[in-house]
Structures are given as C-alpha cells and as structure tokens.
Amino acid sequence: MREKFKNKRKEITIIFIVLVILIFFFSGFSMGKGFSKKDINGNTEVAKPILQVENGNSLEISNTNKKGTYEFKVKNYNEQGETTQVDMEYYIEILNDLENRGIILKLFKNEQEIEINKNKTEKFILAKNQMEEDNYKLEVTYDENKNTNMEDIINQLQIKVHSEQKQEVL
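Here we summarise the structure given alongside this text.

Parameters and conventions
Residues numbered from 1 in each chain as written. Predicted model: local features only at pLDDT ≥ 70, side-chain atom pairs only at ≥ 80, totals over all residues. Heavy atoms only, no water. Pairing = 2+ DSSP bridges. Helix = DSSP H or I, 4+ residues; strand = E, 2+ residues; numbered from the N terminus. Axes fitted to C-alpha atoms, helices over the stretch in contact; angles between N-to-C directions. Salt bridge = Lys/Arg side-chain N within 4 Å of Asp/Glu carboxyl O. Buried < 20%, exposed > 50% of the residue type's maximum accessible area, 1.4 Å probe, protein only. Phe/Tyr/Trp six-rings, centres within 6.5 Å; stacked < 30°, edge-to-face > 60°.

### Here's the deal with the sheet that holds strand β5 (residues 112-114)
Alright, step 1. Strand order in the open sheet formed by five strands is β1-β2-β7-β4-β5, and the pairing between neighbours is antiparallel. Among the strands making up the open sheet, the edge pair consists of β1 (52-55) and β5. Across the sheet, the mean angle from the axis of one strand to that of its neighbour is 30°, orientation sign disregarded.
Alright, step 2. In this structure, strand β4 (residues 103-109) lies alongside strand β7 (residues 133-142), joined through seven bridges in antiparallel fashion. Opposite Lys106, over in β7, you have Glu139 as the bridge partner.

### Quick word on the pattern of salt bridges
Alright, step 1. The tally for this structure, following the rule as stated, stands at eight salt bridges.
Alright, step 2. Residue Glu54 pairs with Lys73 through a salt bridge whose shortest N-O separation is 3.9 Å. In this pair, Glu54 sits in strand β1 while Lys73 sits in strand β2 (residues 67-75), placing the two residues 19 residues apart along the sequence.
Alright, step 3. We classify Lys73 as partly exposed; its relative accessible area is 27%.
Alright, step 4. Connected via shared salt-bridge partners are Glu54, Lys73, Lys75 and Glu133.

### Focus: the sheet that holds strand β8 (residues 158-165)
Alright, step 1. Pairing in this open sheet of three strands is antiparallel, and the strands run β6-β3-β8 from one edge to the other. Of all the strands in the sheet, just β6 (124-126) and β8 have a single pairing partner and so form its edges. This sheet shows a mean twist of 35° between the axes of neighbouring strands, independent of strand direction.

### Side note on the packing of aromatic side chains
Alright, step 1. All chains considered together, the criterion is met by four aromatic pairs.
Alright, step 2. Relative to Tyr136, the ring of Phe72 has its centre 5.2 Å away and its plane inclined at 15°; by these criteria the two rings are stacked. Of this pair, Phe72 sits in strand β2 while Tyr136 is found in strand β7, placing the two residues 64 residues apart along the sequence. Accessibility assignment for this pair places Phe72 and Tyr136 in one class, buried.

### Here's the deal with unusual backbone geometry
Alright, step 1. Despite not being glycine, Asn119 has its phi angle at roughly 65°, a positive value.
Alright, step 2. Here Asn119 lies in the loop between β5 and β6.
Alright, step 3. Asn119 sits in the partly exposed class, given a relative accessible area of 23%.
Alright, step 4. Even without glycine at this site, Asn129 takes up a positive phi of about 60°.
Alright, step 5. The residue Asn129 is located in the loop between β6 and β7 in this model.

Structure (structure tokens):
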C-alpha cells in the first residue's frame, strides 16, 4: 500500500511538471535576458567665474599723518560688462605679523565695520548673472607710542582676496 501511494504521488508530480511546461510552451511566454544601450549626447560649457579686485590709491602714513585709509572694490563683473556665471564666495585676509606692534586696523564693507578674526573676514557671496560690487575701506592707524618703525609696518601689510565657486545644491 505504501508503494502504491508513492507511485501515485510520483505520477501526479510528473503530470504536474509536464502540464506546467506545456502551459508555458503554448502561452507564448518566454524567459530571457534583455539588453539595451542608449547614447546620450550633451553639450556643456564650463561656467565662467569672474571676481575682480579694483585697487584704490596707495596708503600714505607719516609721522604727522598717523591715520590712513585704503579703498578697494570686489566685484563680479569685468570691464566688458560680463558678469560671473556662478555664485562666488570670498573672504578677505589681511597679511601682517604686526600684532601689538603699533598698528590698528579697521575694515569697512559698504560703510559698515566688519569683524576681522585671525586676520580674516567672514565669507561673502556675490550672486551670478547680476552686477554686484562690494566697496571696502581699510583704516590703518599708527600708534607712535609703540617702538615700531613705520616703514616696517607699511611694507608688511598686504590684503588678499580668496575666492571660490559656491556649490549649487541640486
């Protein structure tokens, strides 16, 4: 009896497998792997960043004139009227090793005093595709009570504008 049951079960399994194969064969269903390839062509240009620094007159400080102002501009366009195509981020660094050596510096952006922290300003942004400029004034005051040669001070004072393209978030 057990043998009969085993044979019957085997027959049912074989019939089921044959039926499934026949159904797939007659239904037009096919199994396979497909592959497609698409070519995408693009025309891209590198964005043209523009950040110019326009210098003013040189700084004149003497024993009689102990305070001087140096003016400069940072702008995002050139003489041809072209503006930057990307947002530009920049900061100003005042290079000197004159701490406590007889010089006091104050920096103004568009007539508002801005903080200089470790000889650097915070970062500023000039927007793309519109003409913008920031006007700066650097006030330098000489303290004659400190025993520092004034020529050493003026020769060691440098202003650098560091800029980079601002990342666009997509």
